[in-house]
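Analysis of the macromolecular model
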Amino acid sequence: MNQLTCSRLSSCLCENLSRKIRWLVIMMLAGSVSAQAQSETGTQQEFKPLQSLSNWFKTSELPAEATGVEDNKKKPGWVSSTINRFRNNELPGDLQIHGFVTQAYIATSDNDVFGNSDKGGSFGLTEAALNASARPLPKLQVSAQVLSRRAGEGNTGMPRLDYAFLDYQVYSHEADQFGIRVGRLKNPFGFYNDTRDVAFTRPGILLPQSIYFDRTRNLGLSGDSVQIYGEKAISSLGTFSAQFGVWWPIVSDKDTESSVVLTHLRQGSLNREASYIGRGIFETNDKRLRLGVSGIWLNTSYDPSFHSQDPIGSGSFLFTPIYFSAQYNAEKWSLTSEYAIRNISYNDKFGNKFLFNGRNFTGESYYFQGEYRFTPRWEGFVRYDAYFADRHDRDGSQFSAEFGAIPHTRFAKDITVGLRWNVTPEFMLRAEYHHVNGTGWLSRLDNPTAAGTTQHWDLFGILASYRF
Amino acid sequence: MRLLQFILHIRIFSRFILKRRAFIGCFLFAVFLFINLNAWSNEQPEIIVNTGVTENTVSGNVLRSIFSMRLKTWTDGTKIRVFVLADDDQLHQIVAKEKLNVFPYQLRSTWDRLVFSGTGQAPIKVNSNEEMLAKVASTPGAIGYLWRANINESVNVLQIK
């Protein structure tokens, strides 16, 4: 374990140093704050062995948190006084600071997920975030979050502004309300997209990839937008809440570019165009039943490179998925299912060199998931998750015949079982196992050639997460 | 004749004794019930608010909306500030289930969704009943909950319609 940690650290050092330093500063800050938060709430009644185990995890397995703990020991006065100031509700504007640090270990039988995971596993997934919110006026909230995510080739750990916006509640009467949000916002789709990077809120180490691709996450995650939202109580049945926004997606990252344009020949760049997003959720008063519909109208266009002879023309691309979500919550168990029908159409301006010029695909995804809470601390879940890039060609055979591609890149069927242990309300451990048939949602940056991938593969992961 | 009178006496006496026994029984039962009711009412959870809050009663929907951190202001425009105990606290769990009619884990996931998407704030956590009383008493617009036995005149009890 130590060896792996060391090798990870040394490989990190080889990367761009300034990026690394910024990343480390964020991690240390988040880590030290979290360590402080834990000591504040360390009054949990726990078995000694559990405590020592959790301590062991915190100090030896998690490099990021270990750094934080050391940092905290060096300057306890500074950290605790800062936190106490932040936690004091008498501060003007009701300022709140929250965040989390997550480290996962992932091992695969074949194919790479978040780093070189098929050669003895990797600690390739690290997530950390720090957010602040304040209410300078009773109906005005200002919030911002900085997120660092290190996951394979697609995410280097470079902190990015995840969201930063103003939220003004224009109208409120009883439980009904209506308001507007302006700034960089998380995209509301499905049950989980808004908080997909928070290990505490997502079901599993990996979200159901058929719906929440990590491959195009940067595109779907957040964007600069104007959103209106409303909430209406429906007699004594429940509440209907809706959000609708105009949004300019963030397309300038290599993961999105390689997913959308699908070729390593690309030399130009993607442009942001006005896109639309909306979601409606009905929730019964006891929150047992939750039903949702969300839709996206995503526009992107491709700008060929001027410096070289770009074989691809200035085409545009339209992605219009619709998501249906349903969840039933009982005291001990929850059942969740989501279904997506995804239309992707490329116009004919890309030119003949581009395989998908003028093409149109309709993909389909769904998952069924059951969670069971054995005790408030121990939870288990099972999930079946299916992805088809083209619903009329579920085994990829037509696609393979036409483009000579490997059929198993066009689907993925994933069976998952997992366990979650809430060691304390702030510290959580997870373990899960996936058996996957297909490579449909694998990152193309981590697995550059489809020929190098294996159709039937297994994934095992452990994750530790700390929040405050 | 005297024997008859004696028997009559004994009968009256025994009836009296029996009645009295019944009376004592009733009395003891009443005392027991009273003590029990008293203890029971002291173990009732109540929603408490700062004395500056003008509302005396709210609907179940409004209360749920407040503790779900969606409703942000009282009718007079002051900020609502929500105080809660830890997720695993017994009082918190009873309030969630009986007063709000939701499971505690659902409240937690609602708050997490708001905090980490920036669309809302988390309630302010207090570590004890004493701190709850002190914070609700001293913070304008504050709302929280306590066992009836721990409530004094420094806060108001909010009735639910």
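Residues numbered from 1 in each chain as written. Chains lettered and ligands numbered in written order. Predicted model: local features only at pLDDT ≥ 70, side-chain atom pairs only at ≥ 80, totals over all residues. Heavy atoms only, no water.

**With respect to the pairing of strand β17 (residues 427–438) of chain A**
All names here are of chain A. Heads up, the condition is: Burial classification: accessible surface area is computed with a 1.4 Å probe over protein chains only, and a residue below 20% of its type maximum counts as buried, one above 50% as exposed, and the rest as partly exposed. Note on conventions: DSSP H or I runs of at least 4 residues are helices, E runs of at least 2 residues are strands, and numbering of each starts at the N terminus. Two strands qualify as a pair provided DSSP detects at least 2 bridges between them.
Taking burial as the measure, the 12 residues of β17 include nine buried ones, the bulk of the element. By the bridge criterion, 11 bridges tie strand β16 (residues 411–422) to β17 in an arrangement that is antiparallel. From the neighbouring strand, Thr 416 faces β17, where its bridge partner is His 434. Counting the residues between successive antiparallel strands, the hairpin from β16 to β17 contains four residues. Across 11 bridges, β17 lies against strand β18 (residues 456–467) in antiparallel orientation. Pairing of His 435 across the sheet is with Asp 458, part of β18.

**A short note on unusual backbone geometry**
Residue and element names in this part refer to chain A. Positive phi outside glycine occurs at Glu 174, with the angle close to 50°. With respect to the helices, strands and loops of the structure, Glu 174 is situated in the loop between β5 (160–173) and β6 (176–186). Judged by its relative accessible area of 44%, Glu 174 falls in the partly exposed class.

**Concerning the pairing of strand β7 (residues 222–234) of chain A**
Residues and elements named next belong to chain A. Here β6 runs beside β7; their pairing, made up of 10 bridges, is antiparallel. By the bridge assignment, Leu 185 is partnered in β7 with Gly 223. Of the strand pairs in this sheet, β7 and strand β8 (residues 238–249) are connected by 12 bridges, and their pairing is antiparallel. The partner of Val 226 across the bridge, within β8, is Val 246. The antiparallel pairing of β7 with β8 creates a hairpin that spans three residues between the two strands, and Ser 235 there sits at a positive phi of about 35°.

**What about the sheet that holds strand β5 (residues 142–147) of chain B?**
Neighbouring strands of a sheet are bound in pairs by backbone hydrogen bonds; such pairs are parallel or else antiparallel. Residue and element names in this part refer to chain B. For clarity, the threshold we go by: Every residue pair with non-hydrogen atoms within 4.5 Å of one another is taken to be in contact. Each axis is a line fitted through C-alpha atoms, and for a helix only the stretch in contact is used; angles between axes span 0 to 180 degrees, taken between their N-to-C directions.
Taken in spatial order, the six strands of this open sheet run β2-β6-β1-β5-β3-β4, and their pairing is mixed. In this open sheet, the two strands that pair with only one neighbour each are β2 (57–58) and β4 (124–125). Here strand β3 (residues 81–84) runs beside β4; their pairing, made up of two bridges, is parallel. Of the residues in β4, the one forming a bridge with Val 84 is Lys 125. Seen against the sheet, helix α3 (residues 90–99) touches β1 (45–50), β3, β5 and β6 (155–160) and runs at an angle of roughly 95° to β1. Seen against the sheet, helix α5 (residues 129–138) touches β1, β3, β5 and β6 and runs at an angle of roughly 150° to β5.

The analysis is restricted to geometry; functional conclusions fall outside its scope.
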